[in-house]
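Residues per chain, in single letters:
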Amino acid sequence: MFITGEVKKRLAALSQLICQYARDLERSQAARKSTSDEVMRRLFDYASVRCIHGMIEAFADSGNQLIDALVMRDPASYRDIIEILGDESVIPRETVLVLGEMMEKRRQLIDSFSKIDQEIESIERIVPQIVQAALAMNDYVQSNSQEID
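Note that the coordinates shown come from a computational prediction; the quantities given were computed from them, not determined experimentally.

Student: So what about the overall build of the chain? Which residues, and what values?
Tutor: Helix and strand counts for the chain come out as six helices and two strands. Tracing the chain from N to C terminus, the helices and strands come up as β-α-α-α-α-α-α-β. Considering only contacts in the chain between residues 6 or more positions apart, those separated by 24 or more positions represent 67%. Of the roughly 7,900 Å² of accessible surface on the chain, 50% is carried by carbon and sulfur atoms.

Student: Describe the nonpolar core, and please don't skip the residues or the numbers.
Tutor: Ranked by internal contacts, the top residues of the largest apolar core, which has 43 residues, are Phe-59, Leu-66, Leu-85, Ile-91 and Met-102. At the level of secondary structure, the elements contributing two or more residues to this core comprise α1 (5–33), α2 (38–69), α3 (78–87), α4 (93–111), α5 (116–124) and α6 (127–144). Looking at this core element by element, the count peaks at 10 residues for α2.

Student: Residues and numbers for unusual backbone geometry, please.
Tutor: Residues other than glycine seldom take positive phi values, yet Val-71 does so here, at roughly 50 degrees. By the secondary structure assignment, Val-71 is in the loop between α2 and α3. According to the relative accessible area criterion, Val-71 is exposed, its value standing at 72%.

Student: Before we move on, could you go through the packing of α2 against α4 and cite the residues and values that matter?
Tutor: Interaxial distance between α2 and α4 falls to 10 Å at its minimum, and their mutual angle equals 125 degrees. Here α4 runs oblique to α2, going by the angle between their axes. Handedness of the crossing formed by α2 with α4: left-handed. Contacts between α2 and α4 involve Val-49, Ile-52, His-53, Ile-56, Glu-57, Phe-59 and Ala-60 from the former and Leu-99, Met-102, Met-103, Arg-106, Leu-109 and Ile-110 from the latter. Its residues assigned to classes, the contact of α2 with α4 comprises 10 nonpolar, one polar and two charged.

Student: Lay out the pattern of salt bridges with the relevant residues and their values.
Tutor: Per the stated rule, a full pass over the model turns up eight salt bridges. Its salt-bridge partner being Asp-61, residue Arg-10 comes within 2.3 Å of it at the nearest N-O pair. Here Arg-10 is found in helix α1, whereas its partner Asp-61 is found in helix α2, with 51 residues between them in sequence. On the accessibility criterion, Asp-61 (24% relative accessible area) is partly exposed. As a salt-bridge pair, Asp-24 and Arg-27 come within 3.1 Å of each other at their nearest N and O atoms. Of this pair, Asp-24 and Arg-27 both sit in helix α1, three residues apart, which is roughly one turn of the helix. You can call Asp-24 partly exposed: its relative accessible area is 28%. Residue classification places Arg-27 among the exposed residues on the basis of a relative accessible area of 51%.

Rules and cut-offs
- Residues numbered from 1 in each chain as written.
- Predicted model: local features only at pLDDT ≥ 70, side-chain atom pairs only at ≥ 80, totals over all residues.
- Heavy atoms only, no water.
- Helix = DSSP H or I, 4+ residues; strand = E, 2+ residues; numbered from the N terminus.
- Contact = heavy atoms within 4.5 Å.
- Areas by Shrake-Rupley, 256 points an atom, 1.4 Å probe, with all protein chains shown as cover.
- Core = buried A, V, L, I, M, F, W, Y, C linked by side-chain atoms within 4.5 Å.
- Buried < 20%, exposed > 50% of the residue type's maximum accessible area, 1.4 Å probe, protein only.
- Axes fitted to C-alpha atoms, helices over the stretch in contact; angles between N-to-C directions.
- Parallel < 35°, antiparallel > 145°, perpendicular 65-115°, else oblique.
- Left-handed = near helix turned anticlockwise from the far one by under 90°.
- Nonpolar A, V, L, I, M, F, W, Y, C, P; charged D, E, K, R; others polar.
- Salt bridge = Lys/Arg side-chain N within 4 Å of Asp/Glu carboxyl O.

Here it is as C-alpha cells:
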C-alpha cells in the first residue's frame, strides 16, 4: 500500500486532535462535577458536547482519509466508515460495535439538544475505545505503508 506523507501527517494530526478532545472532555466533566452553579454546569455540558462532536467528526474524517488513500469501498454513511475499517482489520472487530454506537450518537447530538446530559454520559463510557481506534488507525498507516510523495 502507498500512502503519501501528507496523508500520514493528516492522520497523525487527527489522532492527536481526538486525544486532545478526550482529555478536554474529561476535564470539562470533572469541572462540571466540582461546581454547584447551574449556569456553569450547563456551560461545561456545552463544552463537553463540543468535545464529543469534534471527536466524532475528527474520527470520521480520519477514517475517510484512510479509506480514500487505500482505495477501499466508499462508505455510504458515518456508521459505514467504522464497518469498512473493521472489515479491513484497521481497527479491532470488537471495537466496531462500540464505535458504531458513537456514530449513532452523532445524529442525536446534532438534532436533540434537550437530552444533552444523557448523550454526554453515554459517550463518556466509550471515549477510551474512540481514542484506541484513532491510535490504531494511525499505527496501521505508520507500520503498513510505504511512503510516496
